[in-house]
Structure formats: structure tokens, C-alpha cells
Amino acid sequence: MRFCLDAIDSARKGLVDAVVTAPIAKESWKLAGYHFPGHTELFAQRTGARRYNMMFTGGPLRVVLATCHIPLNGLWGRLNIGAVFQPIELMHETLVNWFDIDKPRIAVCGVNPHASENGQFGDEEERIISPAILMAREQGIDATGPYPPDTIFLKAKAGHFDAVVAMYHDQGLIPVKLLAFDQAVNCTIGLPIIRTSPDHGTAFDIVGRNKANPGSMRAAIALAIDLAVKKHKRAQDSKRTPGEIK
């Protein structure tokens, strides 16, 4: 934990350009007396970020989660209009500023089967998700939905959308890991510093057996470098006059 805190503080002071975290065992953290659900919440608290979300990029998909490390039966206590609007807005900003997509197309998942099918299987789509999408569209964000999650990822994979907003952890992570387990990266958006990590856990079952695939860690490092380079370029451009920027 001390090394992690030092890394965060170093990034805040500008001593390092980005932080790439390795997988942790959340149970071990708890046994050691640290009660953060994961790195994401620790980074948010340490940096003072009030608005943040987990974003995953891998293969053809970019996915952001409306809720992070909470039990499924606690979802209905945390899912509200603001919780859905925030990842839409942050993802839009991330795609424009970090991924050079001028007009991102963002698909928003429903939370119920078939996105409730007009209220047949719940009212969260009409009561929570649709108003959040409307708020985003009023700000000029190209967000549409809510879509049934069992089909929208196919359309995103085919290139019809630049990103998908998922309502909870497994809804968004299953398609990402299915399509790009060894290349996917977790990036915390909304922080004042750059932080990436692999998309997988500690894999204690294969420790010392020379079976671990380093692909996701390599991808996390590569993305951190790419984002750091872009951050420096923006900083340099901000110091120039408009005529000097190329």
C-alpha cells in the first residue's frame, strides 16, 4: 500500500507522468486493514476526485461502468440519474480529449432484461436511464439508448458506436474480457492523474508456474505512455499562440 500511495503522490506532484497498477487481491487488502473496494476508490480519495468512473478498452470495445465495486443486490440503492449521466459525460470527454474522436457515439445499456421492454420488466429505464440520456443529449453529447445489453455490444463491436455505458460490473466486463482478455486495459477516468491497470486479477492459482500472460499489463503500460505523451502535447500547445499550433 505504501508504494501505491507514494506513486499517486508522485504523479500528483508531476514527478512521474502516469501510474500503472498491478492486480491486487481485495480480500488481502481487507485483511491488512485497508477497506477500499479496489484501486479505483483509493486513487479517487487520494487525489480528491469527486467524479470518476472505471473505463475498459480492449479489442473493438470501449466500456465505462455506471457503478463499480458494489454487490448486485445493492445496485438499486446506487443507480440514479446522476450515476448514469456522469459516466456518459466523462466518457464523452475522454473520447474527445484522449482518443481523438471528435464526435463520439455513445450507447447506453438498460439494466433490466430487454431494457425492460417498455416497462414489462421494471421501470429503471424510463425512470432513471432515459432522463440521464436526455440530459446528456441536451449538452450536445451523442448518447442513445437504453439498449438491451445482450445485443448492443454486437453493434459496438461492429463499429456502430465508439463506447458503451454499462450499468454494473459484469454487464460491461464480460464482453470486454470475452473479446480481448489478454489485451484489455482498465483506465480510471475523471482523475487529475493518469492511471491504468490490467483488466484481470492476481491469478494466484498459476503463480510460479510460468503460465501468466503479460499481454494486459503490456497494454496497460502502452496506454499509460500514449496518454502521457498526449498530456504533454496538450500542455505544450496551451502555451503557444493559436497560429503556432500544428
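As a starting point, this report considers the structure included with it. (Residues numbered from 1 in each chain as written. Predicted model: local features only at pLDDT ≥ 70, side-chain atom pairs only at ≥ 80, totals over all residues. Heavy atoms only, no water.)

Quick notes on the sheet that holds strand β5 (residues 142-147)
- The strand order across the open sheet formed by eight strands is β1-β8-β7-β2-β3-β6-β4-β5, and the pairing between neighbours is mixed. Two strands bound the open sheet, and with one partner strand each, they are β1 (19-20) and β5.
- The sheet contact formed by β1 and strand β8 (residues 195-198) spans two bridges and is parallel. Note on β8: the bridge partner recorded for Val19 is Arg195. (Pairing = 2+ DSSP bridges. Helix = DSSP H or I, 4+ residues; strand = E, 2+ residues; numbered from the N terminus.)

What to know about unusual backbone geometry
- The amide bond that connects Gly145 to the next residue, Pro146, takes the cis arrangement and shows omega of -5°.
- Its place among the elements puts Pro146 in strand β5.
- Even without glycine at this site, Asn118 takes up a positive phi of about 55°.
- Mapped onto the elements, Asn118 comes out in the loop between β4 (105-109) and α6 (124-138).
- According to the relative accessible area criterion, Asn118 is exposed, its value standing at 78%.
- Of note in this structure, Asn210 is not a glycine but carries a positive phi near 55°.
- Topologically, Asn210 is positioned in the loop between β8 and α9 (215-238). (Buried < 20%, exposed > 50% of the residue type's maximum accessible area, 1.4 Å probe, protein only.)

Quick word on the side chain of Ser197
- In this fold, Ser197 is placed in strand β8.
- With a relative accessible area of 5%, Ser197 lands in the buried category.
- Within polar-contact distance, the side chain of Ser197 engages the side chain of Arg195 at 3.4 Å.
- Apart from the residues lying within four places of it in its own chain, the contact partners of Ser197 are Thr21, Val185, Asn186 and Ala220. (Polar contact = N/O pair within 3.5 Å; in protein donor to acceptor, adjacent residues only side chain to side chain. Contact = heavy atoms within 4.5 Å.)

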